[in-house]
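# Breakdown of the fold
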Amino acid sequence: MMTSSKQTPLYDLHRQLGAKMTTFAGYQMPVQYKNGIIHEHLHCRSQAGFFDISHMGQCRILGEGAPQALEKLTPGGIVDLKCGTQKYTVLTNADGGVIDDIIVTRIESGLSLIVNAGCKDKDFAYLRSQLPTDCVFKELAELALFALQGPTAAAVLAKFAPQTGELKFMQACTTKIAGTVCDISRSGYTGEDGFEISLPQADAERIARLLLAEDGVEPIGLGARDTLRLEAGLCLYGHELNESITPIEAGLQWIFKKGHSDFPGAEKILAQRQNGAERVRVGLLVDGRIPVRDGCEIVHQDQPIGTVTSGSFSPSLNRPVAMALLERRFAELGTELSALVRNSAISVTVTSLPFVPHRYLRR
């Protein structure tokens, strides 16, 4: 299985750093390094973590009509983006579900997109089939993608690319790191201030080593990436989002552009937005030390009322936490419920999200 999967440009570096590797979305990826997931998680919260996310899909939609074309496939706001700004949004299907969640950046020639690794083949096929003839779709398989996240990330990156210090959250620029042209955005998937860096694969290992050589920068694997995004209350495709979960059920009301109704599944989605969905995403604080994992049933008085979508131990809070899709009537803050873990009932309490406050630079 491992031999048939793809490798990112940093595969050899991961092995040299002592990474434990696994196959994820068809790629050999690091789960953790020598110090373990909890250490990596807390390091990213206190200093700077380096993530290889080159398995993600990168593409561009080129042409003057690119924003208008993508506007019709999403809940909107793409046409309002100024050059060098980003938006988190979703591609919806005709039933109101989510094909994928994506990051869109407005560039001079059109739009730049980052999509999930496990969805990129279907996303690219879908976009090609839906875009009008005046738009050009371009896959960027030749590019690598890194993330540098944490409270010291900005200071580290400013040494190599001073322009990045001027960026606010969800802004992007094209600059150079040690002579290599990079597209850098102030964004990420941890809840911390940080950056995502797109660059040619040929220069990936050299730039990665440069950043990792800085004081306070450590490599972070998929294990801590998941616990960081869970603490930040961020959705993971295949868990909080899929083709049968609507953006409203997932708690993404904030991504919608007011008055926009020309997109797939709009009738169902906008009805839920106005009237409320029958089920909603919530945070759960778990009593005790036993983690409540995705797929666990949530019950009230022995009656099933929802399902855990993500759950793990929170290193920052030193206790297990989870997110779940619940019947709306049980979603009030403070509601006490039970999660079934190996036929045992574990007490959980509905709580607000995120579990750990975001520290994005919005100034």
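Structure's up top.
Residues numbered from 1 in each chain as written. Predicted model: local features only at pLDDT ≥ 70, side-chain atom pairs only at ≥ 80, totals over all residues. Heavy atoms only, no water.

### Considerations on the pairing of strand E4 (residues 48-52)
Test applied: Residue exposure (1.4 Å probe, protein chains only): buried if accessible area is under 20% of the type maximum, exposed if over 50%, otherwise partly exposed. Working definition: helices are DSSP H or I runs of at least four residues, strands are E runs of at least two. Numbering for both runs from the N terminus. The rule for pairing is simple: two strands pair if DSSP sees at least two bridges between them.
The buried count for E4 comes to five of five residues, which makes it a mostly enclosed element. By the alternation rule, side chains of E4 split into Ala 48, Phe 50 and Asp 52 and Gly 49 and Phe 51, which are all buried. Looking at chain direction, E4 and strand E14 (residues 217-219) are connected through three bridges and run parallel. Looking at the pairing, Ala 48 lines up with Val 217 of E14. Strand direction decides the pairing type here: E4 and strand E10 (residues 143-149), joined by four bridges, are antiparallel. Paired with Phe 51 across the two strands is Ala 147, which belongs to E10.

### A short note on the sheet that holds E10
Rules: Angles shown run from 0 to 180 degrees and are taken between the N-to-C directions of axes, each axis being a line fitted to C-alpha atoms and, for helices, limited to the stretch in contact. Note on definitions: a residue-residue contact is assigned when non-hydrogen atoms from the two residues lie within 4.5 Å.
With respect to topology, six strands assemble into an open sheet ordered E11-E12-E13-E10-E4-E14, the strand pairing being mixed. Each edge of the sheet is formed by a strand with only one pairing partner; in this case those strands are strand E11 (172-177) and E14. Adjacent strand axes in the sheet meet at a mean angle of 30°, parallel and antiparallel pairs treated alike. As paired strands, E10 and strand E13 (residues 194-200) are joined by seven bridges and run antiparallel to one another. Bridge pairing in E13 links Gln 149 to Gly 194. Contacting E4, E10, E11, strand E12 (180-185), E13 and E14, helix H5 (residues 153-160) runs over the sheet at an angle of about 35° to E13.

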